[in-house]
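# Tertiary structure, described
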Amino acid sequence: MSHRKRSTALALASALAGPAVLLAAPAAHAAVVDVAYACVTPIGDKSAVSPIDIKAVKDSAGYKLTMSFQKGVSSSPVELGKGAMSPSAVIQVAGAEKATVAVTGPPNPEAVPANTPIKITDLSGTYTPKKSGKVTFTAGVLTIKALGTTTTCTPGNGPGPSLELDVTGPGGGAPEAPGAPEAPEALPQTGPTDSALALGTLGATVLLAGAAGVLWLTRRGQRARS
């Protein structure tokens, strides 16, 4: 094959493959966002900035969200032993609908030394859309429970969304209930009652006809004798 023909074939293949690649690409936009947390702790107010990453994976009728912290936020004046700290957070949903998604994560897998920024484990939860359209996911309040205390960290810099996603809610509403069938036109009753009435009427007619015949015969006999 000549160089010119080979180039033409490659260009044609790229043109054909291009739309397929675009169709396969997910309608999502993600960004790592710096979140400035203002934390209220048992030993006073603290602040820390952590880049936040939120990912979504389609899961049945919803999406599994994973919220990742790339830096520690807050610290403890004493060492936190393995498994002593339990984190949770809220992800704010906006756009096609407004909602909140609770995400939780496992306790710290290793001991955290005193006065060291606490590395938050990945937090996950499920978002089930009720409407279809474009929605955004933004880091909300973070809660850290450790050694019987609770630390609450609130984003103080109005962070932008870490993820924008086209979602699909439940399709359509419930089908309309079919109307009650129209009552059929009244039909003459043909049950046993009507049969009895018909037979009774016929019997009465025969009885009257028989009486009339006897009366006619009697009168005829009287005329013949006279």
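Since this is a predicted model, take the numbers as computed values, not measurements. (Residues numbered from 1 in each chain as written. Predicted model: local features only at pLDDT ≥ 70, side-chain atom pairs only at ≥ 80, totals over all residues. Heavy atoms only, no water.)

A side chain with one charge may pair with a side chain of the opposite charge, provided their charged atoms come close. Going through the model one piece at a time under the given rule, you end up with 2 salt bridges. A salt bridge links Lys 55 to Asp 53; the shortest N-O distance between them is 2.3 Å. Linking Asp 166 and Lys 134 is a salt bridge whose minimum nitrogen-to-oxygen distance equals 3.1 Å. Of this pair, Asp 166 sits in strand E10 (residues 163-167) while Lys 134 sits in strand E8 (residues 133-146), placing them 32 residues apart in sequence. Overall, Asp 166 belongs to the partly exposed group, its relative accessible area being 33%. (Salt bridge = Lys/Arg side-chain N within 4 Å of Asp/Glu carboxyl O. Helix = DSSP H or I, 4+ residues; strand = E, 2+ residues; numbered from the N terminus. Buried < 20%, exposed > 50% of the residue type's maximum accessible area, 1.4 Å probe, protein only.)

Attention now goes to the side chain of Thr 41. Along the chain, the position of Thr 41 falls in strand E2 (residues 33-41). Overall, Thr 41 belongs to the buried group, its relative accessible area being 10%. Polar contacts involving the side chain of Thr 41 include one to the main-chain carbonyl oxygen of Gly 44, which spans 2.4 Å. Contact partners of Thr 41, with chain neighbours within four places excluded, come to Lys 46, Ser 74 and Thr 151. (Polar contact = N/O pair within 3.5 Å; in protein donor to acceptor, adjacent residues only side chain to side chain. Contact = heavy atoms within 4.5 Å.)

With that settled, the discussion passes to the state of the cysteines. Inspection of the entire model under this criterion finds 1 disulfide. Here Cys 39 is linked by a disulfide to Cys 153, with a sulfur-sulfur distance of 2.1 Å. Residues Cys 39 and Cys 153 are joined through a disulfide that is right-handed, its torsion about the S-S bond being 110°. With a gap of 114 residues between them, Cys 39 in strand E2 and Cys 153 in strand E9 (residues 149-155) connect regions that are remote in the sequence. Both residues of the pair, Cys 39 and Cys 153, belong to the buried class. (Disulfide = S-S within 2.5 Å.)

With 63% of its residues at a pLDDT of 70 or more, the protein chain shows a mean pLDDT of 74. The least confident element of the protein chain, judged by mean pLDDT, is helix H2 (residues 192-225) at 40; the most confident is strand E6 (residues 99-104) at 98. A low-confidence stretch, residues 2-26 (pLDDT under 50), is modelled with 1 contact involving residues beyond four sequence positions or located in other chains. Taken as a whole, residues 172-226 scores under 50 in pLDDT and shows 1 contact with residues more than four places along the chain or in a different chain. (pLDDT = per-residue confidence, 0-100.)

Turning next to the nonpolar core. Within the largest apolar cluster, 33 residues are counted, with the highest numbers of intra-cluster contacts made by Tyr 37, Met 67, Ile 120, Tyr 127, Phe 137 and Leu 142. Broken down by secondary-structure element, the contributors of at least two residues to this core are E2, strand E3 (44-59), strand E4 (62-69), strand E5 (85-95), E6, strand E7 (123-127), E8 and E10. In terms of residue count, the dominant contributor to this core is E8 (6 residues). Non-local contacts of Phe 137, meaning those with residues more than four positions away in its chain, are made with Ile 54, Leu 65, Ile 91, Gln 92, Val 93, Tyr 127, Pro 161, Ser 162, Leu 163 and Leu 165. (Core = buried A, V, L, I, M, F, W, Y, C linked by side-chain atoms within 4.5 Å.)

Let us look at the packing of aromatic side chains. Per the counting criterion, the structure on display carries 3 aromatic pairs. Ring geometry for Tyr 127 against Phe 137: centres 5.3 Å apart, planes inclined by 80°, an arrangement best described as edge-to-face. You can see Tyr 127 sitting in strand E7 and its partner Phe 137 sitting in strand E8, a full 10 residues away along the chain. Accessibility classification places Tyr 127 together with Phe 137 in one group, the buried group. (Phe/Tyr/Trp six-rings, centres within 6.5 Å; stacked < 30°, edge-to-face > 60°.)

Inspection of the secondary structure puts Glu 97 in the loop between E5 and E6. We note that Glu 97 is buried and unpaired, the nearest opposite charge coming from Lys 130 at a distance of 6.0 Å. A distance of 3.0 Å separates a polar side-chain atom of Glu 97 from the backbone nitrogen of Lys 130. With sequence-adjacent residues up to four places away left out, Glu 97 is seen in contact with Tyr 127, Thr 128, Pro 129, Lys 130, Lys 131 and Val 135. (Lys, Arg positive; Asp, Glu negative; His and termini not counted.)

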